[in-house]
Amino acid sequence: MKVYFHLNIGGFSNCYLVMNEETNEAIIIDPGKITERLISQIEEKHLKVAAVLITHNHGSHVDGLKTLRKIYTPKIYAADWEVAGAETSLISGDGKIKIGHTIVRYMSIPGHTSDSVVYGIGNILFTGDVLSSGELGETNSSYSAYILKSNVEKKIFSQLDGTIVMPGHGPPSTLGALKSYMELKADPLRK
């Protein structure tokens, strides 16, 4: 498996292209903007875009979906029906889906938004805005902050320290690094 990073300058959000090298199947995560570079990468490698995974329904993570759907016919997974209407394969709770030959784990982690989902492929977590650059995602209430912190501690921080974290904004990291950095903060719910 290879993961390619694409930056959406408009929202400073990350889009990821995950490629299964054996089958040439691709999964796109959070297509905030579809760039010529992303399309060239798909076409030059003769990839079949099998699915799109949406971590949450914010423009900087979904705005490229309309363009992508004009070119390819991927299955779209999200926890919010409004992402693509009837073409959205709704997911909820925690579970697994098989996309081609790739097993994708998903976890509902509300708090940043009610539809926030974290996806796991191999030892990589794609966290959207649940975790960004060593911080918990922003929330709009103390209750949302509590729910987010509880879910991150229970579902994410319980995983191996070597797990790679690919956030919706900012650079990648590992869970071990994030845990040690976030533990240094007196109150990670300072928002």
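The preceding data block contains the structure.
These numbers come from a predicted model, not from an experiment.

Visitor: Residue-level account of the overall build of the chain, with values.
Guide: A tally of regular secondary structure across the chain gives five helices and 14 strands. Computed over C-alpha atoms, the radius of gyration of the chain comes to 16 Å, within 12% of the 16 Å expected from 2.2 N^0.38 for 191 residues, which places it in the range of a compact globule. Taking the intrachain contacts of the chain between residues at least 6 apart in sequence as the baseline, contacts between residues at least 24 apart amount to 54%. Accessible surface for the chain amounts to roughly 9300 Å². Of this, 52% is attributable to carbon and sulfur atoms. Side chains of the chain give 19 positive and 20 negative charges; the mean places of these two sets differ by 2 Å.

Visitor: Account for the environment of H58, with residues named and values stated.
Guide: Locating H58 in the fold gives a position in the loop between β4 (48-53) and α2 (59-62). Along the chain, H58 and G11 lie 47 residues apart, while their C-alpha atoms are 9.9 Å from each other. Not counting the four nearest positions on each side in its chain, H58 is found in contact with H112, T113 and D129.

Visitor: Provide a residue-level description of the side chain of S89, including the pertinent values.
Guide: As for its position among the elements, S89 is in strand β6 (residues 88-90). On the basis of relative accessibility, which here comes to 18%, the residue S89 falls in the buried class. Contact partners of S89, with chain neighbours within four places excluded, come to K75, I76, Y77 and A78.

Visitor: Tell me about the sheet that holds strand β10 (residues 124-128), and please be specific about residues and values.
Guide: Judged by pairing direction, the sheet is mixed, and its six strands sit side by side in the order β7-β8-β9-β10-β13-β14 without closing on themselves. With partners counted over all chains shown, the strands left at the sheet margins are β7 (94-99) and β14 (173-174), one partner each. Bridge count between β7 and strand β8 (residues 102-108): six bridges; the pairing is antiparallel. Along β8, the bridge assignment pairs I99 with T102.

Visitor: So what's going on with helix α4 (residues 142-156)? Residues and values would help.
Guide: Here α4 contains 15 residues, and its C-alpha end-to-end distance of 20 Å stays within 8% of the 21 Å for a straight helix at 1.5 Å per residue. Looking at α4, one finds that the buried residues are S144, A145, L148, N151, V152, K155 and I156. In a view along the axis of α4, the buried residues occupy a sector of 135°, so they form one face of it. Of the residues in α4, the exposed ones pointing more than 90 degrees away from the buried face are S142, Y143, Y146 and K154.

Visitor: Explain a nonpolar patch on the surface to me, and be specific about the residues and the numbers.
Guide: A contiguous nonpolar patch, built from F5, L7, I9 and F12 and spanning about 410 Å² of accessible area, is present on the exposed surface. For F12, a relative accessible area of 54% gives the class exposed.

Visitor: Give a description of the pairing of strand β9 (residues 117-121) that names residues and reports values.
Guide: Walk down a regular strand and you will see the side chains alternate between the two sheet faces. A large share of β9 lies buried, amounting to five of its five residues. A two-sided burial pattern is seen for β9, the buried positions comprising V117, Y119 and I121 on one face and V118 and G120 on the other. Bridge count between β8 and β9: four bridges; the pairing is antiparallel. Within β9, the position partnered with R105 by the bridge is G120. Looking at chain direction, β9 and β10 are connected through three bridges and run antiparallel. Paired with Y119 across the bridge in β10 is F126. Hairpin connection of β9 to β10: two residues between the antiparallel strands, including G122 at a positive phi of 60°.

Visitor: So what about the side chain of S116? Which residues, and what values?
Guide: By the element assignment, S116 lies in the loop between β8 and β9. According to the relative accessible area criterion, S116 is buried, its value standing at 2%. Here the side chain of S116 touches T113 through a polar contact of 2.7 Å, side chain to side chain. The contact partners of S116, leaving out residues within four places of it in the chain, are T55, H56, M107, S108, I109, P110 and V130.

What counts, and at which threshold
- Numbers given to residues run from 1 along each chain, matching the order in which its sequence is written.
- For a predicted model such as this one, the threshold for reporting local features is a pLDDT of at least 70, and the threshold for listing and counting side-chain atom pairs is 80 or more; totals across whole chains, interfaces and linings nevertheless cover every residue.
- Values shown for side chains rest on all heavy atoms present in the structure; no hydrogens or waters enter the calculation.
- Elements are defined by DSSP. Helices are runs of H or I of four residues or more, strands are runs of E of two residues or more, and each kind is numbered from the N terminus.
- Radius of gyration here uses only the C-alpha atoms, and the compact-globule reference equals 2.2 Å multiplied by the residue count raised to the power 0.38.
- Contacts were defined at the residue level, with two residues in contact if any of their heavy atoms lie within 4.5 Å.
- For the area figures, the Shrake-Rupley method with a 1.4 Å probe applies, and any residue is considered shielded solely by the protein chains shown.
- When charges are counted, Lys and Arg contribute as positive and Asp and Glu as negative, whereas His and the chain ends are disregarded.
- Working definition for charges: the position is that of NZ of Lys, CZ of Arg, CG of Asp or CD of Glu.
- Per-residue accessibility, obtained with a 1.4 Å probe over protein chains only, is compared with the maximum for each type, and a residue is labelled buried under 20%, exposed over 50%, and partly exposed between these values.
- Pairing between two strands requires that DSSP report at least two bridges joining them.
- For a helix, the expected span equals 1.5 Å multiplied by the number of residues minus one.
- Think of the arc as the fan of directions from the helix axis to the C-beta atoms.
- Two joining distances apply to patches: 9 Å for like charges and 5 Å for nonpolar side chains (Val, Leu, Ile, Met, Phe, Trp, Tyr), and every residue must have over 30% relative accessible area and no salt bridge.
- Definition used for salt bridges: Asp or Glu carboxyl oxygen within 4 Å of a side-chain nitrogen of Lys or Arg.
- Distance and chemistry together define a polar contact, namely a pair of N or O atoms within 3.5 Å, with one atom able to donate a hydrogen and the other to accept it when in protein, and with adjacent residues in sequence counting only for side-chain atoms on both sides.

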